[in-house]
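Inside the fold
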Amino acid sequence: MATFTDLTFETHPNYMYGFGHHTQAKLDLANGYSVSVITGDNTYGKWEVAIFDKENEFYYDLSDGDVAGCYSEQEVTDLMQEAEKLQ
């Protein structure tokens, strides 16, 4: 199962466009879904998490229709592991 420690953070690509400093980690899961975790200026709390489906479309069910924010590292891990169970 994926955990927060599996994430590798790099400067977010929008940093150069004046959106503030952010770092992002993306992780492709074995089931075809992926997880994006961002931290930095103008995020919804410490960690901002988005789940994408097999077609790389934003997956709404795990985050109430928006990116999920204010997560601890353990909560990010829990969300990642929930995403791994999707079909």
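We now turn to the structure provided with this report. This is a predicted model, so every value here is computed, not measured. (Residues numbered from 1 in each chain as written. Predicted model: local features only at pLDDT ≥ 70, side-chain atom pairs only at ≥ 80, totals over all residues. Heavy atoms only, no water.)

1. Considerations on the pairing of strand S2 (residues 22-28)
Across the seven residues that make up S2, a large majority, five, are buried. Taken together, the two bridges between strand S1 (residues 10-11) and S2 define a ladder with antiparallel strand orientation. Residue pairing for S2: Thr11 is matched across the bridge by Thr23. Here seven bridges tie S2 to strand S3 (residues 34-40), and the two strands are oriented antiparallel to one another. Bridging across to S3, His22 finds its partner in Gly40. Connecting the antiparallel pair S2 and S3 is a turn made up of five residues, with Gly32 showing a positive phi of about 95 degrees. (Buried < 20%, exposed > 50% of the residue type's maximum accessible area, 1.4 Å probe, protein only. Helix = DSSP H or I, 4+ residues; strand = E, 2+ residues; numbered from the N terminus. Pairing = 2+ DSSP bridges.)

2. Here we look at the packing of aromatic side chains
Considering all chains together, one arrives at five aromatic pairs under this definition. For the ring pair Phe4 and Phe9, a centre distance of 5.9 Å and an interplane angle of 40 degrees mean the geometry is tilted. Judged by its relative accessible area of 28%, Phe9 is partly exposed. Ring geometry for Phe9 versus Trp47: centroids 5.4 Å apart, planes at 40 degrees, classification tilted. (Phe/Tyr/Trp six-rings, centres within 6.5 Å; stacked < 30°, edge-to-face > 60°.)

3. Here we look at the environment of Lys26
Positionally, Lys26 belongs in strand S2. Sequence separation between Lys26 and Glu10 is 16 residues, and the spatial gap between their C-alpha atoms is 9.3 Å. The contacts of Lys26, once residues within four sequence positions are left out, are Val35 and Ser36. (Contact = heavy atoms within 4.5 Å.)

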